[in-house]
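# Working through the structure, step by step
Chain by chain, the residues:
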Amino acid sequence: MRYGAFSIGGYHARPALRRCLLALIPLVLVASCGQSAPQAGTTATAPPPAATATAAPVSPVRAALTITDPHGKRFTLKKKPERVVCLTGLCDDALVELGLTPVATTTPGLLSHSAYLGAKGSDVPVIPGSFGGEDVARIAEAKPDLVIGLAGVHDQLRTAVEKFAPLWVVQVKSYDDSIGYLRALAQLTDRGQQQAEAETRFRAKLADGTTRSKAAGLDKTPVLAMYGGTSLGVNTTEDVLGHFMSQFFAYPWPSKGGGFETAQAYSIEEILAKAPQIIFIQSFGTKVSDHYKDNPVWKRVPAVSAGKVFEVPTELWASGRGTRAFGIILDEALAKAAG
């Protein structure tokens, strides 16, 4: 090869042919060497594999849904839940707040409340059985892709339930937990807008409740929330309802320690000693106020003698632990206390 006159293999190339031959030289070099060397400052990469007409289409992989509950526990589902069975009132409450309906429930009275589903609440199938001993076969019949229960109560059903659906157990110690679970369920069900609207309504109601309570002097008025059935009990400040009431009223009812029954087991004499001026009662069966109406000690309790004892909707006050329930309870408590 000689430059200048530009001869290749002894042939003298015409100008046009010379330009063509010059263009072919890099191609010949690449073909003979496999690939050209990378330029300085670049990284050599392998050529992409050739596409084949018979390649199978790649299916998109759906990411798992993982949330962290108000107590820092992580919970993961493989897909967005469409069919949810509620074994605790918090579940029903949160679903309704998000514009959803459970496929089965254990608190039909709550769902049928006028502030929830009203008459349509009776259309939701009811899971039979005792609290914590629900009929697992009936839960399975609802074909759920998520079951929500209460921690410390429904954990014992996990082995049986998780043969056909994930079990998520919740634990509410304050209304802040209720907000946290509402957010978590909204994340799982893709209901962020509904959650934001529900939380905004609830926070506005809390602020209004605080203002109303102070204006009426109720924040200094001793109030009691209690329940009765086979035994008498008090919703202490360690209990979620008692804690909620303590935010708006004077609430001198600490836990007595020990297990659940001993912690809330106040006698009528102890109730009299704390002299509540307003009492809200959740009665399971016979009304507590009727059962004790002839009791001489009960008659001396200031709320009783003043006619300020109120029997309240049991399933709402005893089972409703979500933002909607607490908002209704607050409105009812303030209205009755100020009336």
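Right above here is the structure, for reference.
First, a word on what this report is: a plain description of the structure on this page. (Residues numbered from 1 in each chain as written. Predicted model: local features only at pLDDT ≥ 70, side-chain atom pairs only at ≥ 80, totals over all residues. Heavy atoms only, no water.)

Attention now goes to the side chain of threonine 189. Assignment of secondary structure puts threonine 189 in helix H6 (residues 175-189). Judged by its relative accessible area of 6%, threonine 189 falls in the buried class. At 2.8 Å, the side chain of threonine 189 forms a polar contact with the backbone oxygen of leucine 185. Ignoring sequence-local partners within four residues, the contact set of threonine 189 consists of Lys80, Pro81, Leu98 and Leu100. (Helix = DSSP H or I, 4+ residues; strand = E, 2+ residues; numbered from the N terminus. Buried < 20%, exposed > 50% of the residue type's maximum accessible area, 1.4 Å probe, protein only. Polar contact = N/O pair within 3.5 Å; in protein donor to acceptor, adjacent residues only side chain to side chain. Contact = heavy atoms within 4.5 Å.)

Looking now at the environment of glutamine 156. Relative to the assigned elements, glutamine 156 resides in the loop between strand E9 (146-150) and helix H5 (158-161). Taking relative accessible area as the criterion, glutamine 156 reaches 60% and is therefore assigned exposed. Separated by 24 residues in the primary sequence, glutamine 156 and glycine 132 place their C-alpha atoms 7.7 Å from one another. A distance of 2.6 Å separates a polar atom in the side chain of glutamine 156 from the backbone oxygen of glycine 132.

What follows deals with the sheet that holds strand E14 (residues 309-311). Here we have four strands laid out as an open sheet, ordered E12-E11-E13-E14, and mixed in their pairing. Edge positions in the open sheet fall to strand E12 (232-234) and E14, since each of these has one partner strand only. Taken pair by pair, the neighbouring strands of this sheet meet at an average axis angle of 25°, ignoring direction. With six bridges joining them, strand E11 (residues 223-228) and strand E13 (residues 278-283) adopt parallel strand pairing. Looking across to E13, one finds that glycine 228 is bridged to serine 283. (Pairing = 2+ DSSP bridges. Axes fitted to C-alpha atoms, helices over the stretch in contact; angles between N-to-C directions.)

Before going further, it helps to spend a moment on empty space enclosed by the protein. Over the atoms, a rolling probe the size of a water molecule traces out where space has been left empty. Going through the model one piece at a time under the given rule, you end up with one cavity of 30 Å³ or more. If you add up the space inside the largest cavity, you get close to 50 Å³. Lining the largest cavity are Leu90, Cys91, Ala94, Ile148, Trp168, Val170, Tyr181 and Leu185. The set of elements that each furnish at least two residues to the lining of the largest cavity consists of helix H2 (89-97), strand E10 (167-170) and H6. In terms of residue count, the dominant contributor to the lining of the largest cavity is H2 (three residues). Of the residues assigned to the lining of the largest cavity, the class counts are eight nonpolar, no polar and no charged. (1 Å grid on protein atoms, 1.4 Å probe; cavity = no way out; pocket = protein on both sides within 12 Å on 5 of 7 lines; lining within 4 Å. Points joined across faces, edges and corners; volume = space filled by probe spheres on them. Nonpolar A, V, L, I, M, F, W, Y, C, P; charged D, E, K, R; others polar.)

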